[in-house]
Amino acid sequence: MKKIVLLVVLVLLVASMSVLLFACSSKVAGNTYVLESVTVTLEGATEEQIASVKSGVEAQYKDSKLTFNKDGTMVLSKEGQDVSTQYYVQDGKNIYIGSTAEVDTDRDPDGVVDGKNITITTSYGEYKINIVLVKE
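Residues numbered from 1 in each chain as written. Predicted model: local features only at pLDDT ≥ 70, side-chain atom pairs only at ≥ 80, totals over all residues. Heavy atoms only, no water.

A. Highlighting the sheet that holds strand 6 (residues 111-114). The strand order around the closed barrel built from eight strands is 1-2-3-4-5-6-7-8, with neighbouring strands paired in antiparallel fashion. Taking each pair of neighbouring strands and ignoring which way they run, the sheet shows an average axis angle of 35°. Each of strand 1 (31-41), strand 2 (64-68), strand 3 (73-78), strand 7 (117-124) and strand 8 (127-135) is contacted by helix 2 (residues 47-61), which is oriented at about 170° to strand 1, the strand it contacts most. (Pairing = 2+ DSSP bridges. Helix = DSSP H or I, 4+ residues; strand = E, 2+ residues; numbered from the N terminus. Axes fitted to C-alpha atoms, helices over the stretch in contact; angles between N-to-C directions. Contact = heavy atoms within 4.5 Å.)

B. Spatial organisation of the environment of Tyr88. Relative to the helices and strands, Tyr88 resides in strand 4 (residues 81-91). With 16 residues separating them along the chain, Tyr88 and Asp104 place their C-alpha atoms 9.3 Å apart. With residues up to four places along the chain from it excluded, the contact list for Tyr88 reads Val28, Ala29, Phe68, Asn69, Lys70, Gly72, Thr73, Met74, Ile95, Tyr96, Ile97 and Val103. Within the local environment of Tyr88, its side chain forms a polar contact with the backbone oxygen of Asn69, the two atoms lying 2.7 Å apart. (Polar contact = N/O pair within 3.5 Å; in protein donor to acceptor, adjacent residues only side chain to side chain.)

C. Up close: unusual backbone geometry. Phi at Asp63 takes a positive value of approximately 60°, unusual for a residue other than glycine. For Asp63, a relative accessible area of 52% corresponds to the exposed category. Located in the positive-phi region is Glu79, a residue other than glycine, with phi close to 55°. Structurally, Glu79 is set in the loop between strand 3 and strand 4. (Buried < 20%, exposed > 50% of the residue type's maximum accessible area, 1.4 Å probe, protein only.)

And the structure:
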């Protein structure tokens, strides 16, 4: 009986420590991210069409940095110049992005944090685009 109780306590302790470590490592505020990869999909599209959209997205984000400020702003900079500023809200692993400080969180998230990576899902026409950013 003591072994079972000890095992349960040990499992609960490890689980709670894992949650704490995950929560600490997934906060984006104060961090900067750079492009790691781009995936483009569209059922029925040719490889050339997919490659064209993918290269356009990669060119847009190549040498760019996305900084999540602690004040809720998110700044995209390229070659040291600020290109755009938007607002974000992080709710757990989900990131919501908006053009005003009143970011709508009653919808699917724009991005998902996974450790040191963020996957931002967007679209271009009917193309689905996943942009993976890695913490700098």
